[in-house]
Amino acid sequence: MYLSVVIPVYNESANLDTLFARLIPVLDGLHKPYEVILTNDGSKDDSQAILTRLYNTRPDVIRVIQFARNYGQHPAIMAGFEIAKGEVVVTLDADLQNPPEDIPKLLALIDAGHDVVGGYRGNRLDSTYRKFISKMSNIVRAKITKIEMRDQGCMLRAYKHNIVQLIVKSRESTPFITMLAQYFANNPAEVEVAHEERHGGVSSYNLYKLIRYNFDLVTGFSLVPLQLFTMFGLVASGLSGLLVLYMFARRIVLGPEAEGVFTLFAIVFLLISVAITGLGIIGEYVGRIYLEVRQRPRYVVKSVLGETKK
Ligand code: UDP
Ligand code: MG
């Protein structure tokens with residue numbers, strides 16, 4: 001099989017029909033064997049009923065995985081990866097923000113020898129605030145993890161099968177597919193893809209989820225936060241040591257003094273908050289270790305329509 005298209009679906013009943021109407025002609029137009037794997041990530045609307053109806057219209061190319069509950073976008077894609085048969089695997093969002101018509105563009109680069117092709121959103125149509133958050137987290141992420149990628153949030157991407165296998169083998173409990181792919185890639189390429197407003201429904205990411213996502217991303221790929229913390233501790237200890245020597249000298253020369261209590265408070269508050277932040281950072285890593293050692297399955301599948309095997 002040439003191509004597998006993997007699509008995570010969470011409350012997308014407003015988009016699925018249009019998605020199909022646009023995606024299937026593009027894929028048929030390739031004139032190569034393909035499959036579309038949709039993972040219903042515990043949707044609370046009638047996405048499953050629509051997926052079942054769509055499956056019945058083209059059971060030859062469609063497979064639907066239904067999760068028992070909501071596990072998140074990346075686990076949903078991972079489930080598709082685990083059973084994908086294509087030599088090339090393309091991921092796509094269900095909300096039509098990235099047009100399915102751009103898939104041949106990615107495939108052309110894969111055929112030209114690249115093993116990972118990432119889309120980046122040229123004219124990104126999200127709220128200014130959303131774009132600002134993405135921009136900031138992109139800069140921090142690139143600096144801290146040393147993984148260069150123009151737009152890690154763009155899910156219109158294509159991977160060679162061996163890269164998908166490596167991603168599936170990465171057993172971490174919170175997988176970041178785009179980052180893992182870029183990390184494993186030998187010859188990555190990037191291409192501009194169009195970006196539209198959400199066709200229907202609402203984005204399921206809010207500010208809290210975005211912040212959590214970025215913490216997980218950074219702690220999942222780097223120890224830099226811990227190392228920065230150690231460095232800060234060393235510098236602060238050095239400076240405090242000097243201060244102690246200075247105060248000691250004053251004590252001997254001038255005798256006891258008791259002013260500057262509020263300055264002292266300010267400094268103490270600062271250092272205590274820094275210490276609490278440090279505990280939090282350690283906690284992030286301990287939490288990740290906890291998730292990993294538990295080794296729970298990443299998701300539970302309730303049902304599969306179409307072939308269940310790879
Ligand atoms: N999605 C999912 N599980 C979730 C959240 C989202 O499978 O818990 C899917 C969603 O249906 C869509 C894609 O992941 O196909 C991207 O989600 P969304 O459009 O909400 O994110 P945004 O475009 O705002 O980054
Ligand atoms: Mg979206």
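First things first, this report covers the structure right here in the doc. Starting from 1, residues in each chain are numbered consecutively following that chain's sequence as written. Labels follow written order: the first chain is A, the first ligand is 1, and so on. Where totals are concerned, whole chains, interfaces and linings use all residues; where local detail is concerned, this predicted model gives features only for residues with pLDDT of at least 70, and gives and counts side-chain atom pairs only at 80 or more. Each side-chain value is worked out from all heavy atoms of the structure, with water and hydrogens disregarded.

### Examining the site of ligand 1
Next up, step 1: We call a residue near a molecule or strand whenever a single non-hydrogen atom of that residue lies within 4 Å of it. For ligand 1, the set of nearby residues contains 17 residues, the closest of which are Glu12, Asp41, Asp95, Gln97 and Ser203.
Next up, step 2: Think of a polar contact as two N or O atoms within 3.5 Å of one another; within protein, one of them needs to be a possible hydrogen donor and the other a possible acceptor, and neighboring residues in sequence only count if both atoms come from side chains. The separation between a nitrogen atom of ligand 1 and a polar side-chain atom of Asp41 is 2.5 Å.
Next up, step 3: The separation between an oxygen atom of ligand 1 and a polar side-chain atom of Arg198 is 2.8 Å.
Next up, step 4: Each accessible area value is a Shrake-Rupley result obtained with a 1.4 Å probe; residue values ignore everything except the protein chains displayed when judging cover. Burial of ligand 1 by the protein chains amounts to 96% of its free accessible area of 530 Å².
Next up, step 5: Classes in brief: Ala, Val, Leu, Ile, Met, Phe, Trp, Tyr, Cys and Pro nonpolar; Asp, Glu, Lys and Arg charged; the others, Gly included, polar. Looking at the shell around ligand 1 residue by residue, the classes come out as five nonpolar, six polar and six charged.

### Overview of the nonpolar core
Next up, step 1: By convention a nonpolar core is built from buried Ala, Val, Leu, Ile, Met, Phe, Trp, Tyr and Cys residues, the set being connected through side-chain atoms within 4.5 Å. Type-normalised accessible area, obtained with a 1.4 Å probe on protein chains alone, sets the label of each residue: buried when under 20%, exposed when over 50%, and partly exposed for intermediate values. In this structure, Leu3, Val5, Ile7, Val36 and Leu38 are the most contacted members of the largest nonpolar core, which totals 38 residues.
Next up, step 2: Counting from the N terminus, the helices are the DSSP runs of H or I reaching at least four residues and the strands are the DSSP runs of E reaching at least two. Counting only elements with at least two residues in this core, the list comes to strand S1 (3-9), helix H1 (16-28), strand S2 (34-40), helix H2 (47-57), strand S3 (62-67), strand S4 (88-91), helix H4 (103-111) and strand S7 (188-193).
Next up, step 3: Sort the elements by how many residues they give to this core and H1 lands first, with six residues.
Next up, step 4: When residues no more than four places from it in sequence are discounted, the contact partners of Val5 are Leu23, Leu27, Glu35, Val36, Ile37, Val90 and Leu92.
Next up, step 5: Counting residues in each nonpolar core, the second largest holds 31 residues, with Ile37, Ile65, Ile83 and Tyr213 among its members. By definition in these notes, contact holds between two residues if any of their heavy atoms fall within 4.5 Å.

### A closer look at the coordination of the magnesium ion (ligand 2)
Next up, step 1: For Na, K and Ca the donor cut-off is 3.2 Å, while for other metals it is 2.8 Å, and in both cases only N, O and S atoms qualify; water is not among them, so sites may look incomplete. Each protein donor to the magnesium ion (ligand 2) is listed here as Asp95 (OD) and Gln97 (OE1); together their distances run 1.9 to 2.0 Å.
Next up, step 2: For Asp95, a relative accessible area of 4% translates into the label buried.

### Some details on unusual backbone geometry
Next up, step 1: Of note in this structure, His31 is not a glycine but carries a positive phi near 55°.
Next up, step 2: As for its placement among the helices and strands, His31 is situated in the loop between H1 and S2.
Next up, step 3: Residues other than glycine seldom take positive phi values, yet Lys146 does so here, at roughly 65°.
Next up, step 4: Relative to the helices and strands, Lys146 is located in the loop between helix H5 (128-145) and strand S6 (157-160).
Next up, step 5: The exposure class of Lys146 is exposed, given its relative accessible area of 66%.

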